[in-house]
Amino acid sequence: MSQNIEFQPILLGSDINVYGMARSFHEEFGITSIALSASQLAPTKYSKIVEVQCHPHFDQEEVFIKTLREFKENHANDKKKYLLVACGDGYALMASKYKAELSEFFEVPYIDYSLYQKLENKPDFYNICEEYQLPYPKTVLVTPETEIDPLVNGLSFPYPMILKPGNSISYLEVHFEGQKKAFTIASPEEMKLMLHRCYEAGYPDEMIIQDFIPGTDENMRVLNAYVDKNHKVRMMCLGHPLLEDPSPKAIGNYVAILPDYNEKVYQQIQDFLEKIEYTGFANFDMKYDPRDGEYKLFEINLRQGRSSFYVTLNGYNLTRYLVSDRIFNEPFAETVCGKGTKLWLGVPKKVLLTYVNPSFKAEIRQFIKSKNYGTTLFYAKDNSPKRYLLMRYAFYRYIGTFKEYFNNR
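Parameters at a glance
Residues numbered from 1 in each chain as written. Predicted model: local features only at pLDDT ≥ 70, side-chain atom pairs only at ≥ 80, totals over all residues. Heavy atoms only, no water. Buried < 20%, exposed > 50% of the residue type's maximum accessible area, 1.4 Å probe, protein only. Helix = DSSP H or I, 4+ residues; strand = E, 2+ residues; numbered from the N terminus. Pairing = 2+ DSSP bridges. Axes fitted to C-alpha atoms, helices over the stretch in contact; angles between N-to-C directions. Phe/Tyr/Trp six-rings, centres within 6.5 Å; stacked < 30°, edge-to-face > 60°. UniProt positions renumbered as here; feature names shortened; annotations may be inferred. Domains from an automatic or database assignment. Buried area = accessible area lost by both parts, 1.4 Å probe. Salt bridge = Lys/Arg side-chain N within 4 Å of Asp/Glu carboxyl O. Polar contact = N/O pair within 3.5 Å; in protein donor to acceptor, adjacent residues only side chain to side chain. Nonpolar A, V, L, I, M, F, W, Y, C, P; charged D, E, K, R; others polar. Core = buried A, V, L, I, M, F, W, Y, C linked by side-chain atoms within 4.5 Å. Contact = heavy atoms within 4.5 Å.

J.: Mind showing me how you'd approach the pairing of strand E14 (residues 294–301) here?
T.: The two faces of the sheet receive side chains in turn, since in a regular strand these alternate between them. Summarising burial for E14: six of the eight residues are buried, a large majority. When strand E13 (residues 280–289) meets E14, the two strands line up antiparallel, connected through seven bridges. By the bridge assignment for E14, Lys287 is matched with Lys296. Linking two consecutive strands that pair antiparallel, namely E13 and E14, is a turn of four residues; a positive phi of about 75° is found at Gly293 within it.

Right, dumping it as structure tokens:
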């Protein structure tokens, strides 16, 4: 198959996920990406490897599709292929929703909207887990119509419990005192308070109450996969998060990931993705449950994860599989199951060594000593003084964030 096809990545957003994908494209193909975004965020600022084009309200559906229609008109006679890569939930949703129209001009590696809706909604996702015998934590659903106090009084899990939104997109549109991306709830009184506040603020969808799986951040696992247009899994890479961002709006965002490998998990995820006829990037969050030895799935993100550069860092460049499938039409050859050797860092080394579970410190120091570590944001081929100073500032702000929030989670 000819590899002389010209193509242009069009990344949707301007955050760290966008920079990670732009860096992956640049490392693999020496190509500069274009990013379309509602605003300019720090991770892509002053970059030479991604050109950010800002369109106010681009994250709203009408502006999104209008902008891409205009892009199509302006480039209608181009010979190159344009490859859409969504780097946030909202953009992935709109890419799926308008997939048929967008595919007339762009390469759109996303699932059909009907499947998107089932997988993106956590309650529906747990039903699918049940159907395909994938382990997940015991769950109780709350709706705007639920009588909250009697439901909470009847819960049978032990405290603490997890409380989180079933629809992360509509949840971002409401605001209330004490709001977090996900809650660890210590008592029935706290559970009632947060549920009442959430629904009084106008949240329209399900909230999920979940059995708390014992253990802290280091029991988490993250898996990124790429599935081709014929629904064959081309690559999976498992990571072992050691630490999460403790700030209320960013809880669950990983800031340090060790490489990991687990044949059983790889086989479970591959079987699942191929049976549901998935396509594109997928990102799974799961947690090891010491009570039964299973890895319980929390959610699937229908895109690569915001910390997914750990995959590229470990030698499995995310864009390699995407481009060979969607641009060069190379046939499926094998499923690559990642066995990494590098520690990915999203915070300064000092922060990780201060706040990580002490049992991992010796291993982390070994990775650092042997220089087997890396970041998304610091890239030698994109290192202007302005960018370097901004990224240093962004990185070292985590020192204050962890001091303020780590013990208050």
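J.: I tried to follow the sheet that holds strand E6 (residues 139–142) on my own but got confused; where do I start?
T.: Working definition: the strands of a sheet are paired by backbone hydrogen bonds and lie parallel or antiparallel to each other. An order of E6-E9-E7-E8 is seen for the four strands of this open sheet, with the pairing classed as antiparallel. Sheet topology places E6 and strand E8 (183–185) at the edges, where each strand pairs with a single neighbour. Strand-to-strand twist in this sheet, taken as the mean axis angle between neighbours without regard to direction, amounts to 25°. Across three bridges, the pairing between strand E7 (residues 161–165) and E8 is antiparallel. Note that in E8 the partner of Ile162 across the bridge is Thr184.

J.: Hey, could you run me through the packing of aromatic side chains in this one?
T.: For any pair of aromatic rings, the description consists of the separation of the ring centres together with the inter-plane angle of the planes. One pass over the structure, following the stated rule, counts 29 aromatic pairs. Between the aromatic rings of Phe58 and Phe64, the centroid separation amounts to 5.3 Å while the plane-to-plane angle is 40°, which identifies the pairing as tilted. Taken individually, Phe58 and Phe64 each receive the classification buried, so the pair is uniform in this respect. Arranged with centres 6.4 Å apart and planes meeting at 55°, the rings of Tyr398 and Phe402 form a pair that is tilted.

J.: Sorry if this is basic, but what is going on with the UniProt feature "domain: ATP-grasp" (unreviewed entry) in the protein chain here?
T.: The positions UniProt marks with the feature "domain: ATP-grasp" (unreviewed entry) are residues 126–327. Between the end C-alpha atoms of residues 126–327 there is a gap of 34 Å, over a span that is 28% helix and 30% strand.

J.: Can you help me understand unusual backbone geometry in this one?
T.: The general pattern is negative phi for most residues beyond glycine and trans for most peptide bonds. Of note, the amide linkage connecting Tyr159 to Pro160 takes the cis form, showing an omega dihedral of 5°. Structurally, the position occupied by Pro160 is in the loop between helix H7 (148–153) and E7. Despite not being glycine, Gln133 shows a phi value in the positive range, around 55°. Tracing the chain through its elements places Gln133 in the loop between helix H6 (122–131) and E6. In the Ramachandran plot, His231 falls in the positive-phi region, its phi being about 70° despite a non-glycine side chain. Topologically, His231 is positioned in the loop between strand E10 (220–227) and strand E11 (233–244).

J.: So what exactly am I meant to see when it comes to the domain arrangement of the protein chain here?
T.: Often, the extent of an interface is quoted as the loss of accessible area upon association of its parts. With domains assigned, the protein chain is organised as domain 1 (7–111), domain 2 (138–211) and domain 3 (217–406). Taking only C-alpha atoms, the centre of domain 1 and the centre of domain 3 are 22 Å apart. Taken over both partners, the interface formed by domain 1 and domain 3 buries close to 3200 Å², and the fraction arising from carbon and sulfur atoms is 61%. For the domain 1 face of the interface with domain 3, the top three residues by lost area are Ile16, Arg23 and Tyr46, together amounting to 20%. Across the salt bridge formed by Glu107 and Arg326, the nearest N and O atoms sit 3.2 Å from each other. The interface formed by domain 1 and domain 3 includes 17 residue pairs in polar contact (both at pLDDT 80 or more). For the side of domain 1 that touches domain 3, the elements supplying multiple residues, two or more each, are helix H1 (16–29), strand E4 (81–86) and helix H3 (89–97). Per-element accounting of the side of domain 1 that touches domain 3 gives the leading share, 12 residues, to H1. Residues that form the side of domain 1 that touches domain 3 fall into these classes: 19 nonpolar, seven polar and nine charged.

J.: So what exactly am I meant to see when it comes to the nonpolar core here?
T.: Considering soluble globular proteins, one finds that nonpolar side chains tend to be buried as a cluster. Counting 95 residues, the largest nonpolar core has Phe25, Leu119, Leu223, Leu273, Tyr278 and Phe284 as the members making the most contacts within it. With near-sequence residues (within four places) excluded, Tyr278 lies in contact with Ile111, Leu119, Val227, Asp228, His231, Leu273, Ile300, Asn301, Leu302 and Arg303.

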